[in-house]
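Residue-level structural notes
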Amino acid sequence: MAETSLEARRLTKTFGTRTAVDGVTFTAEPREIVGLLGPNGAGKTTTIRLLTTVLTPTSGEFSVAGVPSSRPNEIRRRVGVLPESAGYPAHQTGREHLTYFARLFGMSRSESSRVATRLLEQMGLQDRASSPLSTYSRGMRQRLGIARAMVNDPDVVFLDEPTLGLDPAGQRQVLRNVRDIAADRGATVILSTHTLTEVEEVCNRVLILGEGRVLVSGTVAEITSAVAAPRFATLRVPGSEVGAARQVLAGLQGLTIAASGERPDVLRISRSGRDGMNPVLRALLAADVTVLSFEVEGTRLHDAYLALTGDATVEEPSE
Amino acid sequence: MTTLVNGEIDKTATGRPQSRGQGDWAAVAGQESRDLWLSGRGPLLLFAFSVLLSVFTYLAATNRAINFLEQREAVDQTLQIAVAVGVLVTLLVSADAISGERERGTLEGLLLTPVSRRAIVLGKLIAALTLWFATFVVSIPYIWVLGRGVSIVRSALLLGLGVGTLLAVGLAALGLLISALSGSNKVSLAISFFLLLAVFAPSQLPGGLPKGWFGDVLGKINPVGSGLHYSTAVLVNGHGWTRDLEYLISPLVLAVLAGGGLLILSERIVRLNPGGER
């Protein structure tokens, strides 16, 4: 396996006058799970379709496991894909479906059947292997789609919204499968999703796209420390010290204070700029104000994502 | 071809099982045919076809006088219906083959495999043609019943198979081209249906086509009308098989142009977005 399993250089795709992907450049290593984030229309699906040769780039180039984009057939042998809106023939059984796709990747009948059996077992679908796909739940179809993406033992696996519409148990199982693909098979996984908790949970690296461009890339920690800034805090002080606390806070620049609901002892603080909340806490302690609690918000991937994209459609992280 | 070494796939230098090349279209054709026949679409169309042919054969058998020439005409009329309706359903199935898969979300999975677009359309073309061959097989007993005693059953079946297959190949390929280029499945089916009406209707006009050179040219450039005219000339008028061969030119040209065009253009037109990348 090549050192870099996926490399995209200034990848651009235009549809008429609209630029869907604009100079996307990144690399990914084997065993890495790379989260692809961005608002709707940011270019995530188009990027995946370019890298899987379903669409042809307007400019730029890429390679998969060292195979250049000029050899799309060879690239298709090395990638596995769960498309965003994958359809499944209703009357086919799970086993037939996987066997057919294995055949399309050049395997013999017996080998295709063996691969289908193995993948059905790995995805926990062996009991429903002979059932028509019309009887599969959404979660089962997603797992079958992941199995289909694995029939050719790919170097890079692209999963476009694999947990969309799944219940928590289904999401957990799919994420377990994603981890296994990277850890056990040594494949690179490109995971496109709107669920940021998933990214924080499984991804080694994150790429945030906006209007077709890479806004930021790095590990979750790198992105949150570079982009997210603690801009909100909830302060609780004894009722007798609320006035003193307000006086201290009023002396700090760029600070806005609001009482939290019906509790006058709880103050919600927002701060503009990138100074963070440390100076606030320092000032309170220096003034001998008793701080009962001081909860800082704005240090998670969710906050970094919002700061970069302003997109409010992402799933709120669950505490 | 993939071989097994010590029970494992013998991978090539690329580390992947290689495509079987010509075998790819066979895998696509096999699965597409299973999809057509096991999903119930094929059997339903075949049932509708046999009901239609039964009604027509009954009318032809009960209305004809017992004389030699009219029995030949009855066979010819039944054959014409069998061929026309057979190629109609073949055209409609092929018109759904790409645009329908696009709408059902199954095309992207197929495009993500290393199978060439050419192999995909060839497989789909062959699968659509299984419907034509099935309708032809269903029509055999009808032709046999109507043609007993006038020694034209064999000729009628050969003509039906030859002319019908030529038309089915041409129209199925045309249906696939339309399907690949259409913005939606409804549009593809509507265009294909009206196309077939346009080529089939003139031959059914009262009094037939206009007489004279214009009518002659019109008759010869219409592949369906021209092919059916050829079978009538042989079966009813008693012409030799080689006498009216010029009437087979347009069905042949259609099959070559549509089939060839489909195979040549397939890499460019079989796309996730209809009609190319926009």
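Residues numbered from 1 in each chain as written. Chains lettered and ligands numbered in written order. Predicted model: local features only at pLDDT ≥ 70, side-chain atom pairs only at ≥ 80, totals over all residues.

When helices and strands are counted, chain B shows 11 helices and 2 strands. For chain B, the share of sequence-separated contacts (at least 6 apart) that also reach a separation of at least 24 residues comes to 78%. (Helix = DSSP H or I, 4+ residues; strand = E, 2+ residues; numbered from the N terminus. Contact = placed C-beta atoms within 7 Å.)

For chain A, the helix and strand inventory stands at 11 helices and 14 strands. Referenced to the eigenvectors of the C-alpha coordinate spread, the extents of chain A come out at roughly 80 × 45 × 35 Å. Sorting the 319 residues of chain A into buried and exposed places 46% on the buried side. (Buried ≥ 20, exposed ≤ 12 C-beta atoms within 10 Å, placed from the backbone.)

Residue and element names in this part refer to chain B. In the contact formed by helix 7 (residues 153–181) and helix 10 (residues 223–235), the axes pass within 10 Å of each other and the chain directions differ by 170°. Taken together, the axes of helix 7 and helix 10 lie roughly antiparallel to each other. Between helix 7, through Ser-155, Ala-156, Leu-159, Val-163, Leu-166, Leu-167 and Gly-170, and helix 10, the contact on the second element is made entirely by Pro-223, Val-224, Gly-227, Tyr-230, Ser-231, Val-234 and Leu-235. A class-by-class count of the residues in the contact of helix 7 with helix 10 yields 10 nonpolar, 4 polar and no charged. (Axes fitted to C-alpha atoms, helices over the stretch in contact; angles between N-to-C directions. Parallel < 35°, antiparallel > 145°, perpendicular 65-115°, else oblique. Nonpolar A, V, L, I, M, F, W, Y, C, P; charged D, E, K, R; others polar.)

What follows is about the nonpolar core. Judged by nonpolar contacts, the single largest core of 150 residues is most densely connected at Val-189 of chain A together with Ala-172 and Leu-176 of chain B. For this core, the element with the highest residue contribution is helix 3 (residues 68–97) of chain B, accounting for 16 residues. In contact with Val-189 of chain A, not counting residues within four places along its chain, are Ile-33, Val-157, Leu-159, Val-178, Ile-181 and Ala-182 of chain A. If you look at the next biggest cluster of nonpolar residues, it comprises 12 residues, including Leu-255, Ile-269, Val-280 and Val-289 of chain A. (Core = buried A, V, L, I, M, F, W, Y, C linked by C-beta atoms within 7 Å.)

With that out of the way, let us pick up the interface of chain A and chain B. Listed as interface residues are 29 residues of chain A and, on the opposing side, 27 residues of chain B. If you list the elements that add at least two residues to the side of chain A that touches chain B, you get helix 2 (72–78) and helix 3 (94–104) of chain A. Among the residues making up the side of chain A that touches chain B, the classes are represented as 12 nonpolar, 10 polar and 7 charged.

Attention now moves to the sheet that holds strand 10 (residues 213–218) of chain A. Within a beta sheet, neighbouring strands are joined by backbone hydrogen bonds and run either parallel or antiparallel to one another. Residues and elements named next belong to chain A. Overall, mixed pairing links the 6 strands, which are arranged 6-7-8-3-9-10 in an open sheet. The open sheet has two edge strands, strand 6 (79–82) and strand 10, and neither has a second partner. For this sheet the average axis-to-axis angle between neighbouring strands, irrespective of direction, equals 15°. As judged from the 5 bridges shared by strand 7 (residues 156–160) and strand 8 (residues 188–192), these two strands associate in the parallel manner. In the sheet register, Leu-159 faces strand 8, and the bridge partner there is Leu-191. This element, helix 5 (residues 138–149), spans strand 6 and strand 7 of the sheet and lies at about 165° to strand 6. Here helix 6 (residues 168–185) sits on the sheet in contact with strand 3 (33–37), strand 7 and strand 8, set at roughly 155° to strand 8. (Pairing = 2+ DSSP bridges.)

Turning to the sheet that holds strand 5 (residues 67–68) of chain A, a few remarks are in order. Residue and element names in this part refer to chain A. Taken together, the 4 strands give an open sheet; going across it, the order is 2-1-4-5, and neighbouring strands pair in antiparallel fashion. One side of each edge strand has no neighbouring strand; the edge strands of this open sheet are strand 2 (18–28) and strand 5. In this fold helix 1 (residues 44–51) packs onto strand 1 (6–15), strand 2 and strand 4 (59–64), with an angle of close to 65° to the strand it touches most, strand 2.

Here we take up the environment of Asp-288 of chain A. In this structure, Asp-288 of chain A sits in the loop between helix 10 (278–286) and strand 14 (293–297). With 43 residues separating them along the chain, Asp-288 of chain A and Ala-245 of chain A place their C-alpha atoms 9.3 Å apart.

Attention now moves to unusual backbone geometry. All names here are of chain A. One non-glycine residue, Arg-10, lies in positive phi territory at about 50°. The class for Arg-10 is partly exposed, based on 13 C-beta atoms found within 10 Å. Phi is positive for Asp-288, which is not a glycine, with a value near 65°. Given 9 C-beta atoms within 10 Å, Asp-288 falls into the exposed group.

All right, on to the pairing of strand 3 of chain A then. Residue and element names in this part refer to chain A. Most of strand 3 is tucked away: 5 of the 5 residues are buried. Residues Ile-33, Gly-35 and Leu-37 point to one face of strand 3 and Val-34 and Leu-36 to the other, with burial holding for every one of them. Direction of pairing for strand 3 relative to strand 8: parallel, over a ladder of 4 bridges. Each residue of the ladder has a partner; that of Val-34, found in strand 8, is Ile-190. With 4 bridges joining them, strand 3 and strand 9 (residues 205–210) adopt parallel strand pairing. Paired with Leu-36 across the two strands is Leu-207, which belongs to strand 9.

What follows concerns the packing of helix 5 of chain A against helix 6 of chain A. All names here are of chain A. Between helix 5 and helix 6, the least distance of the axes is 10 Å, while the angle of their chain directions is 10°. On the basis of the axis angle, helix 5 is roughly parallel to helix 6. Judged by residue contacts, Gly-139, Gln-142, Arg-143 and Ile-146 of helix 5 engage Gly-170, Gln-173, Val-174 and Asn-177 from helix 6.

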